[in-house]
Amino acid sequence: MSAAPQEGQTERIEPDLQAVSFRLNNELYALNVLDVQEIIKPVPITIVPLAPIWIAGVINLRGQILPLIRLSQRLGLHNQDRERSTRFIITRHRERRIGIIVDQVLEVLRLYNDNLEPPPAHLEHREYIHHVSKEKRGIAMILNLEKILTHSTHSETPEEAL
């Protein structure tokens, strides 16, 4: 049980959600920090024949072979060329690690429920978005990693595609 703050001290308020923010096609997105295992600089990618366009291939990360997806194409966005700021976000999904290519990783956002809104009702694929948040850098869409990796609108899940 925590004691009440002493005079002159401020109570520390913990965020309701922490999310790793990143740029994708110049838009601001984020993933729950609990879904992110690590962030790495790009490593060589091995192309997988006949894989869907949104599967970039596989990478060797410290001896483990991981699928790597092009998040921009998985979300139906234009694919941009890799740049110096490109990063691979290694996520953990159902005890399996999957890499995601993003244009630039920014920071960990500390989000509070009063700043989080549900995605607009008129969006066609709103199941991919958990929340929308107004941030200093713009509107951040907090993505639903579970739906992105398992929803079959795009033909197959990463597990089925490889």
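Just above sits the structure.
The structure presented is a predicted model; accordingly, all values stated were derived computationally and were not measured.

## Comments concerning the sheet that holds strand S11 (residues 138-143)
Whether parallel or antiparallel, the strands of a sheet pair through hydrogen bonds between backbone atoms.
No. 1: Pairing within the open sheet is mixed, and its 6 strands lie in the order S8-S1-S2-S11-S10-S9. Two strands in the sheet have a free side with no partner beyond their single neighbour: strand S8 (104-111) and strand S9 (116-117).
No. 2: Taken together, the 6 bridges between strand S1 (residues 17-24) and S8 define a ladder with antiparallel strand orientation. Paired with Val20 across the two strands is Val108, which belongs to S8.

## Some details on the environment of Asn60
No. 1: Relative to the elements of secondary structure, Asn60 occurs in strand S4 (residues 55-61).
No. 2: Among the residues examined, Asn60 registers a relative accessible area of 49% and is labelled partly exposed.
No. 3: A sequence separation of 17 residues divides Asn60 from Val43, and the C-alpha atoms of the two residues are 8.1 Å apart.
No. 4: A distance of 2.9 Å separates the side chain of Asn60 from the backbone nitrogen of Gly63, its partner in a polar contact.

## Considering the nonpolar core
No. 1: Membership of the largest hydrophobic core comes to 21 residues, with the highest contact counts inside it found for Phe22, Leu31, Ile69, Leu71, Ile100 and Leu143.
No. 2: Elements supplying a minimum of two residues to this core: S1, strand S2 (27-32), strand S7 (96-102), strand S10 (129-135) and helix H2 (145-150).
No. 3: If we ignore the near neighbours within four places in the chain, the residues touching Phe22 are Glu27, Leu28, Tyr29, Ala30, Leu31, Leu71, Ile89, Val102, Gln104, Val105, Leu106 and Leu143.

## As for the packing of aromatic side chains
No. 1: Taken as a whole and judged by the stated rule, the model has 1 aromatic pair.
No. 2: Relative to Tyr29, the ring of Phe22 has its centre 6.2 Å away and its plane inclined at 20°; by these criteria the two rings are stacked.
No. 3: Phe22 gets classed as buried once you look at its relative accessible area, which sits at 0%.
No. 4: Here the guanidinium or amino end of Arg74 rests over the ring plane of Trp54, the centre of that ring lying 4.1 Å away.

## Section: the pairing of strand S6 (residues 87-93)
No. 1: Extensive coverage of S6 is indicated by the burial of 5 of its 7 residues.
No. 2: Pairing of S6 with S7, which is carried by 7 bridges, proceeds in the antiparallel orientation. Paired with His93 across the strands is Arg96, a residue of S7.
No. 3: Linking S6 back to S7 in an antiparallel pair, the connection comprises 2 residues, with Arg94 at a positive phi of about 50°.

## Description of the sheet that holds strand S3 (residues 36-40)
No. 1: Here 5 strands make up an open sheet; going across it, the order is S3-S6-S7-S5-S4 and the pairing mixed. For this open sheet the edge positions go to S3 and S4, each flanked by a neighbour on one side alone. Direction aside, the axes of adjacent strands within the sheet are offset by 30° on average.
No. 2: Examined bridge by bridge, strand S5 (residues 64-70) and S7 share 3 bridges and lie parallel to one another. Across the sheet, residue Leu68 finds its bridge partner in S7, namely Gly99.

About the cut-offs
Residues numbered from 1 in each chain as written. Predicted model: local features only at pLDDT ≥ 70, side-chain atom pairs only at ≥ 80, totals over all residues. Heavy atoms only, no water. Pairing = 2+ DSSP bridges. Helix = DSSP H or I, 4+ residues; strand = E, 2+ residues; numbered from the N terminus. Buried < 20%, exposed > 50% of the residue type's maximum accessible area, 1.4 Å probe, protein only. Polar contact = N/O pair within 3.5 Å; in protein donor to acceptor, adjacent residues only side chain to side chain. Core = buried A, V, L, I, M, F, W, Y, C linked by side-chain atoms within 4.5 Å. Contact = heavy atoms within 4.5 Å. Phe/Tyr/Trp six-rings, centres within 6.5 Å; stacked < 30°, edge-to-face > 60°. Lys NZ or Arg CZ within 6 Å of the ring centre and 35° of its normal. Axes fitted to C-alpha atoms, helices over the stretch in contact; angles between N-to-C directions.

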